[in-house]
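Analysis of the macromolecular model
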Amino acid sequence: MTRELTVIVLAAGNGKRMKSKTPKVLHTIGGRSMVGHVLTAVEALQPDRVVAVVGHAREQVIGHLEQHHTGIAIAVQEEQLGTGHAARVGLAASGATSGDVLVLTADTPLLTGETLVWFMEHHREANRSVSILTAEVPDPTGYGRIVRGEGGDVRAIVEEKDASAEERAIAEINSGILAFDLDFLASALPRLGNANASAEYYLTDAVKLAAADGVRTGGYLLADRIQTEGANDRVQLAALGRELNRRIVERWMRAGVTVIDPASTWIHVDVDLGQDVTILPDVQLLGATSIGEDALIGPDVTLTDCEVGAGAHVVRTQATLSVIGDGADVGPFAHLRPGTVLGARGKIGGFVETKNAEIGEGAKVPHLSYVGDATIGEMSNIGAGTIFANYDGVKKHHTTIGAHVRSGSNVTFVAPVTVGDGAGTGAGSLIRQDVPPGAMAMSAGPQRVIEDWAQTRRAGTAMAEAAARAAAEGVLVAGAQTSGEHEESHTGGPGVGAADSRRSES
């Protein structure tokens, strides 16, 4: 017969050793809070109800739970009087009247759903009133010790503060994960006392009551002991984070991903990777990032909540909330800010920053440019040093570049402005007005050459001395005129010669 299952997650502790404004259970590893890891593991049980017991910094914890975990009841432990008191508060809030109750702490982030399923199956098959998930550790300092009887049944769990020297030598420890028959737990909780070194009500004392009542108790030793480890300070948190990341990276390598340097690769728990992805050193894949098959990522890449298409190549890039299409090429030293969408086979090149920009299929922004609040059509090419001036000091404005546009270098597009399909812009132009399809837009004025400027305006400088030496040696720039101040008209648009420039300006 299927029994109901109620899960109580204890998340009310202070976590003083974290020395943080953030509650202990909200500290993160692998892109998820500690309590989030525990609640994700609990999902594998498909419980009938889940209750989170909160206390310290409850507003922050409740807000986090409401944002990330729906369908969870909240119980408030007004005073933190121990785990026994917390379990009593949680059970009362659950409304459960029968079945089993699983109680676990919110600071064991490496705990897996598979372990919880295994534990509950054994608890139910053995028809026990109390079951404890245990582990053997090299240094049990700080943990409650498991005291077994002659037949192997657990007779007691003794907290370290209350343990004798003989009990402190026991290597088997309590994980803080206990399963109960609800009827027994409901009868035991009011009987717990607080005559101990901490003056708290220990849930673990229910084991002594079970032994006194003559009901079945048992401990299940978990070989993978790190799943039972908690994080009480930031040193322990970092150690658990490294181990979690090692496991994530190893899992992806076994699934067909090449990771050149696992030690310098960090992958969050919600990341998804396709087959034959290659990850080079110093890569961080964060949040809900997904990478398509055959993509090459790295070196030196940080992607947060990004989607990368199949066969794309991303190198020395930081990107957030962005989409990179199939076969696209990004980097080096690119910064993709939220709202960037790069089409298939497109390119965002070196020292390019984008934000809220849709760059079409096959379009390229190769060098030293800023593209903000813009749409760029397919197969267009944006010249080096181009700026999309999108902010007038009050509002952001949009720029639209059509398909197959050729923009010269060092162009500034002042939004709002539209450049039609097949149009072009001359190098150095300031584009303030719409450009019709197929037109060439240029705004650069005629070039002025002022002879002997360095010697007259910068006399005595190294600049002037270099110019004087060149003049004395008769060095001339090829094609330069030797007369005084003069003008030469040449705007330098794509495919536009000096004669064409003069005609377009006349």
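Not measured: the values here are computed from a predicted model.

1. Remarks on the sheet that holds strand β33 (residues 406–407)
Strands sit in the order β33-β36-β38 across an open sheet of three strands; the sheet is parallel. Each edge of the open sheet carries a strand with a single partner, namely β33 and β38 (440–441). Of the pairings in the sheet, the one linking β33 to strand β36 (residues 424–425) comprises two bridges and is parallel in character. What sits directly across from Ser407, in β36, is Thr425.

2. Regarding the nonpolar core
In terms of nonpolar packing, the biggest core is built from 59 residues, with Leu285, Ile297 and Leu303 touching the most fellow members. Of all elements in the fold, only α8 (234–254), β16 (283–286), β19 (301–304), β25 (334–336), β28 (353–359), β30 (370–376) and β35 (417–419) reach the threshold of two or more residues within this core. It is α8 that contributes the most residues to this core, six residues altogether. If we ignore the near neighbours within four places in the chain, the residues touching Leu285 are Trp266, Ile267, His268, Val271, Leu273, Ile279, Ile291, Ile297 and Leu303. Ranked by size, the runner-up nonpolar core spans 32 residues in total, among them Val9, Val25, Ile177 and Tyr220.

3. Digging into the pairing of strand β27 (residues 347–350)
Here strand β24 (residues 329–330) runs beside β27; their pairing, made up of two bridges, is parallel. Looking at the pairing, Asp329 lines up with Lys347 of β27. Pairing of β27 with strand β29 (residues 364–367), which is carried by three bridges, proceeds in the parallel orientation. Following the sheet pairing, Lys347 is matched in β29 by Lys364.

4. Considerations on the environment of Ala223
Position of Ala223 among the secondary structure elements: in the loop between β11 (217–221) and α8. Judged by its relative accessible area of 78%, Ala223 falls in the exposed class. Each C-alpha atom of the pair Ala223 and Cys306 lies 37 Å from the other, and the pair is 83 residues apart in sequence.

5. Section: the side chain of Thr289
Relative to the assigned elements, Thr289 resides in the loop between β16 and β17 (290–291). The exposure class assigned to Thr289 is buried, which follows from its relative accessible area of 0%. A distance of 2.7 Å separates a polar atom in the side chain of Thr289 from the backbone oxygen of Leu286. Within the structure, Thr289 has its side chain in polar contact with the backbone oxygen of Leu303 (distance 3.3 Å). Beyond its immediate chain neighbours, meaning those up to four positions away, Thr289 contacts Asp270, Val271, Asp272, Leu303, Thr304, Asp305 and Cys306.

Conventions we followed
- Residues numbered from 1 in each chain as written.
- Predicted model: local features only at pLDDT ≥ 70, side-chain atom pairs only at ≥ 80, totals over all residues.
- Heavy atoms only, no water.
- Pairing = 2+ DSSP bridges.
- Helix = DSSP H or I, 4+ residues; strand = E, 2+ residues; numbered from the N terminus.
- Core = buried A, V, L, I, M, F, W, Y, C linked by side-chain atoms within 4.5 Å.
- Buried < 20%, exposed > 50% of the residue type's maximum accessible area, 1.4 Å probe, protein only.
- Contact = heavy atoms within 4.5 Å.
- Polar contact = N/O pair within 3.5 Å; in protein donor to acceptor, adjacent residues only side chain to side chain.

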